[in-house]
Structures are given as C-alpha cells and as structure tokens.
Amino acid sequence: MNKLSLEPGALSLSTLRQVYFDGTHLDIDSSVWTAVNKARRVVEQKVEGGDIVYGVNTGFGRLAQQHIDNNLLSDLQHNLILSHATGVGDYLNAAVVRLVLLLKINAVSQGVSGIRREVIELLLAMLNNDVLPAIPEKGSVGASGDLAPLAHMSLPVIGEGMVHFNGELVASTTAFNNLGLKSLQLSAKEGLALLNGTQVSTALALKGLFEAEQNINSAFVSGSLTVEAALASRAPFDARIQAVRGQVGQIEAALIFRKLLQPSEMNDSHADCDKVQDPYSLRCQPQVMGACLDQLRNAGAIIEIEANAVSDNPLIFADEGDILSGGNFHAQPIAFAADNIALAIAEIGAMSERRMAMLLDVNMSQLPAFLVEDAGINSGFMIAQVTAAALASENKSFAHPASVDSIPTSANQEDHVSMSTFAARRLSDMNLNTRYIVAIELLAACQGIELRRPLKSNKVLEDYWAQIREVAPYWNHDRYFQPDLEAIAELIQNNVFGSWSNGFIEGKA
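Okay, so let's go over this structure. Just so you know, these numbers come straight off a predicted model, no measurement behind them.

**Some remarks on the overall build of the chain**
Then step 1. Across its full length, the chain carries 21 helices and 9 strands.
Then step 2. In terms of overall size, the chain behaves like a compact globule, its C-alpha atoms giving a radius of gyration of 26 Å where 509 residues would be expected to give roughly 23 Å.
Then step 3. Seen through its principal axes, the chain has C-alpha atoms that stretch 85 × 50 × 45 Å.
Then step 4. The proportion of buried residues among the 509 residues of the chain is 56%.
Then step 5. Counting only contacts in the chain whose residues sit at least 6 apart along the sequence, the fraction spanning at least 24 positions is 79%.
Then step 6. Total accessible area on the chain stands at roughly 20,400 Å², and carbon and sulfur atoms take up 51% of it.
Then step 7. Seen as two clouds, the 36 positive and the 56 negative side-chain charges of the chain have centres 3 Å apart.

Written out as structure tokens, the structure is:
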C-alpha cells in the first residue's frame, strides 16, 4: 500500500492510478487546517449574524427559499443526508470507493467548503482503516453533483448506513466501534459539502481511464504479435510517415510499435515477398491507435483537473468573507471526457477483432483455417471470433454519448443535468468487453506465431508469447475454450502487458 501525503488540489494521474490499483494510507499536513478553520469561521459568523445563505440555513434545491431556524441547522444537515441516500443497484467496488473518499477529502481540505476539521479527519480515518461506505452505483444524474451516491458515502459520518469492513458488509456503527471511531453531529453547511460534488463521477471516470490504459497497452502487444503472425510489413510504422501528418498520438503509437516490432527472423523471412499492402487493421494501427491515445490523453487531462476541483456549493471565500452560490457541481466536463474514453475503448476493441478475424481467414493470412490443424474435425478459433464480434458490436451501442442526454429534476429547478455518472460507469462494461476481445487476439496471434515455427519473433514479443503460453497452451486440437480467455483477460487486468502508453496519457511524452 502506498503512503501519500496530501497536498490538497495537487493529485496527479500517476498518484491516482497507484491509489486505484494499490490503495493508500493518507496523511494531511497540519498546515492545511489554517484555511479549513478560516472558511469554517465565515460560515459560523454568517449564521450568528442572521444572514440567510443557501445551503447554510435554507432548504435545498426547489426548497431554497425556505429559511431554517438556527436551532434546526444540525437536523437540516442530518435529514439532508438521510433523504438523499436513494441509490439503487450493485455497490461500487472497493477501489472506486477509495478514490471517492480520497477525492472528497482532497476537495474539502482546500478551505473553500466551510467544513470542520473533525469531519475531514473522520473521512481520513475511514479511508486509512478501509471502512468503505456501501455506495449503490445507480441514482445520480451528475448535477447537482453526485447527490445520491455521495449521500451514501456520508451516511457513516452521521452513524447511519452500511460499510464494507474486513471483507464483510456491516453496519457503519459496528465498524466504528471496532476501531474506536465516533460518528458526528453535523453543523451548518457540512452535510451539503459532503454530498454535493462530482467525486463519484470522477472516480468512475478514473477507473474507466485506467482500465482503458490496460486495454490499449495490451492491444499494442496483440497488434504487434499479429503483425508477426501475419508476416505483415513494418513500413507503415516508419517515423517519416507519421511525421508528415503531425498527429501527436499517431507519432507516439508508431514509436510504441517500433519498440515492440524489433528485428526478427519472422520479419526477415518475407523480405522478398510479392505482397504490396496489408489490410487496414494492420497497416493503419498507428493512425487508429494514435487517435485513441489522443482521446485518452485529452480525457485524462480533464479528469485530473476535476479530481482536484472543489465542486460543492455554495463556496466560501474566506479572505473576502463571501459565500457564493454557483454551479461547480455540474459534471459536464466529466461526461464529455467519459464519452471520449468510450470512443477510444470501442475502437481499440474494433481494430483488435478485425486483426484476429484476418488471421483466421486462410486467404488473408496464409495460415491454416481458423488457426488449427485438421480443420473440420476441429473448429479452432471460429467461435472465439464470433464472441469478439459480439462484444465489439455491443460496445458500439455503449459508445453512444451519454452527455447529450438531460432530464429535469427537483421540480425543474435543476433543469439541465450532465449524466456524467452513467457516462463514466458504462466504461467498466465497455472495458470488460474490450479486454476479452484483446485477450482473444493475443491467443490467436500466439497461435499464428507457433504455426510459423521454427521462425522466431524478437525477444520482446517472444517474452510476451511465453507469458501467454504459461497459462494457455498451444491449440493443437479443440478443447474447452473459456478458461483460456479468462486466463489471458486476467493477465491484462494485472498489467502484464506493460505500461507502453501511460506516460503519454499523463502528458509526460
């Protein structure tokens, strides 16, 4: 587990990726509390002075005109969380909930939310002790922020709700008692600060981005193995071709392919062949994969900004003594970013399916039909390609933009919403589909390479071939196929195929 000293507002994609895959133990420097306490004093002064401020001593949404007496402000915040905890469906997984807690702590520690130090410290204790709120995945429209899921995140703070703790789903009070933690009675503004914001959409978008990285990194490997198995040309990856077009992602993609497609016996074996051009799924890999890289890089930049954003409402500007009501909770940037990631995920899978289908076609690849000896009695990879085609087609439907949808809520007070939560959540299904498509291509490409023996590929690709063969042996006759798919999909999920694109997506290349 990584140890992280939080500098509020300065989380990087690299740090967030580490937290997602490995968890974290979080520390907050004591200097943070000055700004937190200063903003809190502004809230208290407004209440004591009798000022009417939205979210502090008024109702919420369409009920914003309703003034609340000072002696009821704690009840107001308590009721807000209870009434907004309306999520349904499966619970978000542990890695996503850890990100949600981290992002919320990062936001409210910046001294703009008006929340007390002890509330932040309780969230910190929950994260560090792996007390993970049970957050249903459905019920948010991405404005005013992720109200329902963040209400579920906040329930343990007030002694309510369920949490995942020590591998079990238990009442939050059970976990707190086990650790000696105490729930809190919230004060003015604090409930709203907790459940208003884009942290759930952003955490889901981060998950989608990181899993898309796994898929594109694995697809660079599978595409390179397929180039070898198909005895395809290396000329389309030449740096000069990419340079005269100038697309940054394309240039980077071709560079990655050149690192993978080092000299080999396989390539030398067809130096004098009479084939003029390869199919687009091989020849245009730099162009398509490069465009996917550009989408992931641009989306990553937007998501990184949002991960460091203060997105609750209203906001406290302590130096001026102002409390301003705005709309930072509207998650349109995340909805757009998630939709762009969806396009990339769909295309990574679509190209991969076409490459493996080409290997199965004896007329295209000059390999045995369906990559198996004694075809006829053996079907080989025939139906694996059908599975890949089904998954690629399913991703086409998922790729329809969620961000163009909107539906009014809260009696038309909240009359335009982002749908960011669904936009980001559906990336998990898409990434799973693409993971299996790429896994099928990896198996097919390794099969094709073995059918070219005794010719060898280069050391980089032979090492990947060996790792695949450790869990999925050569296909010399038909056998139960699914275990091989699951084994290779697990390799992808475990980052076995490298981090070829991660630096570029982070903006470091």
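**Concerning the pairing of strand β6 (residues 162-165)**
Then step 1. Of the two faces of β6, only the one carrying V163 and F165 is buried; M162 and H164 on the other face are not.
Then step 2. As defined by bridge partners, strand β4 (residues 132-133) adjoins β6 across 2 bridges and the pair is classed as antiparallel. The residue bridging P133 from the neighbouring strand is V163, located in β6.
Then step 3. Hairpin connection of β6 to strand β7 (residues 168-171): 2 residues between the antiparallel strands, including N166 at a positive phi of 50°.

**A short note on the sheet that holds β6**
Then step 1. Overall, antiparallel pairing links the 3 strands, which are arranged β4-β6-β7 in an open sheet. With partners counted over all chains shown, the strands left at the sheet margins are β4 and β7, one partner each.
Then step 2. Bridge analysis of β6 against β7 gives 4 bridges, and the strand direction is antiparallel. The partner of V163 across the bridge, within β7, is V170.
Then step 3. Sitting on the sheet, helix α7 (residues 172-179) touches β6 and β7, and the angle it makes with β7 is about 90°.

**Comments concerning the packing of aromatic side chains**
Then step 1. The tally for this structure, following the rule as stated, stands at 9 aromatic pairs.
Then step 2. Arranged with centres 6.4 Å apart and planes meeting at 40°, the rings of F21 and F210 form a pair that is tilted. Of this pair, F21 sits in helix α1 (residues 13-22) while F210 is found in helix α9 (residues 199-229), placing the two residues 189 residues apart along the sequence.
Then step 3. On the numbers, 5.1 Å between centres and 45° between planes, the contact of F237 with F257 is tilted. Here F237, found in the loop between α9 and α10 (239-245), pairs with F257, found in helix α11 (residues 248-260); they are 20 residues apart in sequence, far enough to count as distant. Both residues of the pair, F237 and F257, count as buried.
Then step 4. Members of the aromatic cluster, each reached through a chain of ring pairs, are Y20, F21 and F210.
Then step 5. The positively charged end of R453 is found above the aromatic ring belonging to W465, 4.9 Å away from the centroid.

**Things to note about the packing of α9 against α11**
Then step 1. The N-to-C vectors of α9 and α11 enclose an angle of 55°; their axes lie 10 Å apart at closest approach. In terms of orientation, α9 and α11 fall into the oblique class. Handedness of the α9/α11 crossing: right-handed. For the pair formed by α9 and α11, the contact residues are F220, V221, G223 and S224 on the first element and A253, I256, F257 and L260 on the second.
Then step 2. For the contact of α9 with α11, the class distribution of residues is 6 nonpolar, 2 polar and no charged.

**Some thoughts on a nonpolar patch on the surface**
Then step 1. Taken together, the side chains of Y91, M162 and L169 make up a nonpolar region of the molecular surface, amounting to roughly 260 Å² of accessible area.
Then step 2. If you trace the backbone, L169 turns up in strand β7.

**Re empty space enclosed by the protein**
Then step 1. The final tally for this structure, using the stated rule, is 1 cavity of 30 Å³ or more.
Then step 2. Here the largest cavity is characterised by a volume of approximately 40 Å³.
Then step 3. Lining the largest cavity, in full, are F381, L443, Q447, R469, P473, W475, R479, F481 and D484.
Then step 4. For the lining of the largest cavity, a count of residues per class yields 5 nonpolar, 1 polar and 3 charged.

**Structural notes on unusual backbone geometry**
Then step 1. A cis geometry characterises the amide bond from A143 onward to S144, with omega recorded as 0°.
Then step 2. In this fold, S144 is placed in the loop between β5 (136-138) and α6 (147-154).
Then step 3. A cis geometry characterises the amide bond from N313 onward to P314, with omega recorded as -5°.
Then step 4. Note on placement: P314 falls in the loop between α14 (285-307) and β8 (315-317).
Then step 5. Phi at D130 is positive, roughly 55°, even though this residue is not glycine.
Then step 6. One can find D130 in the loop between α5 (117-128) and β4.
Then step 7. By relative accessible area, D130 is classed as partly exposed at 29%.
Then step 8. One non-glycine residue, F370, lies in the positive phi region at around 55°.
Then step 9. For F370, the location among the structural elements is in the loop between α16 (362-365) and α17 (382-398).

**Brief notes about helix α4 (residues 94-108)**
Then step 1. Compared with the 21 Å implied by 1.5 Å per residue over 15 residues, the 21 Å span of α4 between its first and last C-alpha is a close match.
Then step 2. Most of α4 sits inside the fold, with 14 of its 15 residues counted as buried.
Then step 3. The N-cap residue of α4 is N93: its side-chain oxygen and the backbone nitrogen of A95 are 3.2 Å apart.

**Quick look at the environment of L124**
Then step 1. Counting through the fold element by element, L124 comes out in helix α5.
Then step 2. Accessibility expressed as a relative area gives 14% for L124, which makes it buried.
Then step 3. Remark: the alpha-carbon pair of L124 and D312, spanning 188 residues in sequence, is separated by 18 Å.
Then step 4. Beyond its immediate chain neighbours, meaning those up to four positions away, L124 contacts L26, I28 and I105.

**Considerations on the pattern of salt bridges**
Then step 1. What the rule picks out here adds up to 22 salt bridges.
Then step 2. Notably, a salt bridge pairs E213 with R17, separated by 2.8 Å at the nearest N-O pair. Of the two residues, E213 is situated in helix α9 and R17 in helix α1; the sequence distance between them amounts to 196 residues.
Then step 3. For E213, a relative accessible area of 2% corresponds to the buried category.

Conventions and cut-offs
Residues numbered from 1 in each chain as written. Predicted model: local features only at pLDDT ≥ 70, side-chain atom pairs only at ≥ 80, totals over all residues. Heavy atoms only, no water. Helix = DSSP H or I, 4+ residues; strand = E, 2+ residues; numbered from the N terminus. Rg over C-alpha atoms; globule rule 2.2 N^0.38 Å. Buried < 20%, exposed > 50% of the residue type's maximum accessible area, 1.4 Å probe, protein only. Contact = heavy atoms within 4.5 Å. Areas by Shrake-Rupley, 256 points an atom, 1.4 Å probe, with all protein chains shown as cover. Lys, Arg positive; Asp, Glu negative; His and termini not counted. Charge placed at Lys NZ, Arg CZ, Asp CG, Glu CD. Pairing = 2+ DSSP bridges. Axes fitted to C-alpha atoms, helices over the stretch in contact; angles between N-to-C directions. Phe/Tyr/Trp six-rings, centres within 6.5 Å; stacked < 30°, edge-to-face > 60°. Lys NZ or Arg CZ within 6 Å of the ring centre and 35° of its normal. Parallel < 35°, antiparallel > 145°, perpendicular 65-115°, else oblique. Left-handed = near helix turned anticlockwise from the far one by under 90°. Nonpolar A, V, L, I, M, F, W, Y, C, P; charged D, E, K, R; others polar. Patch = residues over 30% accessible without salt bridge, like charges linked within 9 Å, V, L, I, M, F, W, Y side chains within 5 Å. Salt bridge = Lys/Arg side-chain N within 4 Å of Asp/Glu carboxyl O. 1 Å grid on protein atoms, 1.4 Å probe; cavity = no way out; pocket = protein on both sides within 12 Å on 5 of 7 lines; lining within 4 Å. Points joined across faces, edges and corners; volume = space filled by probe spheres on them. Expected span 1.5 Å × (residues − 1). Polar contact = N/O pair within 3.5 Å; in protein donor to acceptor, adjacent residues only side chain to side chain.

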